[in-house]
There are 2 protein chains.
Amino acid sequence: MKVYIEPIGRLVNEFSKLPGVGAKTAQRFAYKVVNMSKDEAQAFADAILNVKNNVHYCSICGNFSEGDICEICKNRESQTICVVKEPKDVVAIEKLNEFNGVYHVLHGTISPIDGIGPNDINIKGLLKRISEGNVSEVIMATNPDVEGEATAMYICGLLKPLGIKVSRLAHGIPIGTDLEYADEVSLARAFIDRKTL
Amino acid sequence: MKVYIEPIGRLVNEFSKLPGVGAKTAQRFAYKVVNMSKDEAQAFADAILNVKNNVHYCSICGNFSEGDICEICKNRESQTICVVKEPKDVVAIEKLNEFNGVYHVLHGTISPIDGIGPNDINIKGLLKRISEGNVSEVIMATNPDVEGEATAMYICGLLKPLGIKVSRLAHGIPIGTDLEYADEVSLARAFIDRKTL
């Protein structure tokens, strides 16, 4: 049954494409837009098109960039490269204000089940950066899941023979968690990787 | 700290204006747009602008309409008017496929605390429709909250002297609810409005 007039139905449909947005939420978003001023709606639409037109990938690290080279590659001199799966991982790490090196975005992880092999992600770019010299350490910060681990191991295997130090983010129980609530895999890993005090 | 490049930050900011969308969700939405094709992003932006340009209010009932008069007012002959607070209430009732009459959208309810009086909502339009004749019943379907009840009572007081039948949606315990989980106000109302079998 047709419950919306066409323009609203169309916008509800567009909002439904966003991750985690169902029919009810899409409807709320659409009504919000209906009640926006013309200027607000224009700014919203412009922001969407602007992203498509002005967001590129950094030709060095593969992170989002407005120009050919991203702000991080432009402004930081570092011999440490942090390898991540996606650009949003760069955002998560940058928020920490903890890491001052540069990044390399793989745009995926090796996943044979999904037909994604080493050549389908940006490993070649990483090897090229390393062959150009001036890299002392590569930190593998891919996710701690099967694909992330496999990718970290694969890249480690490529870099070790080149004499590059390769490290992996530490796993264990999250800080602030009660032991009884920690998931079993993390707790087991915390035992294996226990530190001498 | 600046964690996003400008175009993405701007879009995250726009998405944050949607109801119930926080920083994390806005970021997910923005990344989704970044990964859309140009055509998809264009369709999204167009749908937003299209809503602003092509959604008007029906000059008879106040519901959303593409033209001057909405599809419901155009296609239905009815002496029964269902009065609701907002256009989305029309959608909720239409989905039932239960009511075949016409609507009247108040665009608000009387709320002295917020400075909204009877003249600030579309009561005048309702009285005009009734004075033009051919209305036998007005169903007050405003929300069962303080403002909705007050508005229903106020409008009832205006229409009763005109010889119009005014009714109110039934309140009580929702169907399928266990008595012990029903809220107290609804349960109390269910007792007061009990029906003889």
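What this report covers is the structure whose coordinates are included nearby. Not measured: the values here are computed from a predicted model. Each chain carries its own residue numbering, running from 1 in the written order of its sequence. Lettering for chains starts from A, numbering for ligands starts from 1, and both go in the order in which the items are written. With pLDDT at 70 or above as the cut-off, local features in this predicted model cover only qualifying residues; side-chain atom pairs require 80 or more to be listed or tallied, and sums for whole chains, interfaces and linings still use all residues. To get the side-chain values, all heavy atoms of the structure are used, and hydrogens and water are removed first.

This paragraph deals with the packing of aromatic side chains. Side-chain rings of Phe, Tyr and Trp, where Trp is taken by its six-membered ring, are said to pair if the distance between their centres is within 6.5 Å; with planes under 30 degrees apart they count as stacked, over 60 as edge-to-face, and otherwise as tilted. Within this structure, the stated rule accounts for 14 aromatic pairs over all chains. Ring geometry for A:Phe44 against B:Phe15: centres 5.4 Å apart, planes inclined by 90°, an arrangement best described as edge-to-face. Within this pair, whereas A:Phe44 is found in helix α3 (residues 38-54), its partner B:Phe15 is found in helix α1 (residues 6-16), the two belonging to separate chains. We call a residue buried when its accessible area falls under 20% of the maximum for its residue type, exposed when it is over 50%, and partly exposed in between, using a 1.4 Å probe and counting protein chains only. Among the residues examined, A:Phe44 registers a relative accessible area of 0% and is labelled buried. Labels follow the DSSP assignment, with helices taken as runs of H or I lasting at least four residues and strands as runs of E lasting at least two, numbered in each case from the N terminus.

Residue and element names in this part refer to chain B. Considered for burial, the residues of helix α6 (residues 123-131) that qualify are Ile 123, Leu 126, Arg 129 and Ile 130. On an axial view of α6, the arc spanned by its buried residues comes to 120°, and they lie on one face. Summarising the geometry of α6, the exposed residues directed more than 90 degrees from the buried face are Lys 124, Lys 128 and Ser 131. Here, residues are in contact when the closest pair of their heavy atoms is within 4.5 Å. Against the buried residues of α6 lie β3 (80-84), β4 (102-105), β5 (137-140) and α7 (146-159). To obtain the arc, one takes the directions from the helix axis to the C-beta atoms.

We now examine the relation of the copies chain B and chain A. What sets the superposition is a least-squares fit of C-alpha atoms, and only residues with pLDDT of at least 70 in both copies go into it. Superposition of chain B onto chain A requires a rotation of 180° combined with a translation of 0.0 Å along the rotation axis, giving an RMSD of 0.1 Å. Such a turn and shift between the copies fits a two-fold axis. No C-alpha of chain B lies nearer the rotation axis than that of B:Ala45, which sits 2.2 Å from it. Both copies present the same face, since 98% of the interface residues in chain B are matched by interface residues at the equivalent positions in chain A.

Let us look at unusual backbone geometry. Of note in this structure, B:His107 is not a glycine but carries a positive phi near 55°. Here B:His107 shows up in the loop between β4 and α6.

Residue and element names in this part refer to chain A. Any two strands are treated as partners once DSSP identifies two or more bridges connecting them. Strand order in the open sheet formed by 4 strands is β4-β3-β5-β6, and the pairing between neighbours is parallel. The open sheet terminates on both sides in strands that have one partner only, identified here as β4 (102-105) and β6 (165-168). Put simply, the sheet's adjacent strands are angled 25° from each other on average, direction ignored. Under this scheme, a helix contributes an axis fitted over its contacting stretch, all axes are lines through C-alpha atoms, and angles between N-to-C directions fall in the 0 to 180 degree range. Strand contacts of helix α6 (residues 123-131): β3 (80-84), β4 and β5 (137-140), with the helix running at about 145° to β4, the strand carrying the most contacts. Here helix α7 (residues 146-159) sits on the sheet in contact with β3, β5 and β6, set at roughly 170° to β6.

What follows concerns the interface of chain B and chain A. In this complex, chain B contributes 53 residues to the contact, which on the side of chain A involves 53 residues. Both sides of the chain B and chain A interface together cover about 5100 Å² of buried area, and 71% of this is carbon and sulfur. Two parts lose some accessible area (1.4 Å probe) when they are put together, and adding that loss for both gives the buried area. Considering only the side of chain B, the residues that lose the most area to chain A are B:Ile48, B:Lys52 and B:Phe64, jointly responsible for 12% of the buried surface there. Every case where a carboxyl oxygen of Asp or Glu lies within 4 Å of a side-chain nitrogen of Lys or Arg is listed as a salt bridge. The tally of links from chain B across to chain A stands at 0 salt bridges. Pairing of N or O atoms within 3.5 Å defines a polar contact, subject to two protein rules: one partner must be a possible hydrogen donor and the other a possible acceptor, and residues neighboring in sequence count only if both atoms are side-chain atoms. Across the contact surface, chain B and chain A share 6 residue pairs in polar contact (both at pLDDT 80 or more). Contributing elements (two or more residues each) for the side of chain B that touches chain A: α1, α2 (23-34), α3 (38-54), β2 (64-65) and α5 (87-94) of chain B.

The next thing to look at is the packing of α1(B) against α2(B). Residues and elements named next belong to chain B. Put simply, α1 and α2 touch, their axes get as near as 8 Å, and they point 125° apart. On the basis of their axis angle, the class for α1 and α2 is oblique. Regarding α1 and α2, the two cross each other, and that crossing is right-handed. The residues of α2 that touch α1, namely those facing Ile 8, Leu 11, Val 12, Phe 15 and Ser 16, are Ala 23, Ala 26, Gln 27, Phe 29, Ala 30, Tyr 31, Val 33 and Val 34. Under this grouping Gly is polar, as are all residues other than the nonpolar Ala, Val, Leu, Ile, Met, Phe, Trp, Tyr, Cys and Pro and the charged Asp, Glu, Lys and Arg. Residue composition of the contact of α1 with α2, grouped by class: 11 nonpolar, 2 polar and no charged. Note on terminology: angles under 35 degrees are roughly parallel, angles over 145 are roughly antiparallel, angles of 65 to 115 are roughly perpendicular, and the others are oblique. Handedness of a crossing is defined here by the sense of rotation of the near helix relative to the far one, left-handed for an anticlockwise turn of less than a right angle and right-handed for a clockwise turn.

Next up on the list: the sheet that holds β3(B). Residue and element names in this part refer to chain B. Overall, parallel pairing links the 4 strands, which are arranged β4-β3-β5-β6 in an open sheet. For this open sheet the edge positions go to β4 and β6 (165-168), each flanked by a neighbour on one side alone. For this sheet the average axis-to-axis angle between neighbouring strands, irrespective of direction, equals 25°. Two elements, β3 and β5, share 4 bridges in a ladder whose sense is parallel. Each residue of the ladder has a partner; that of Thr 80, found in β5, is Glu 137.

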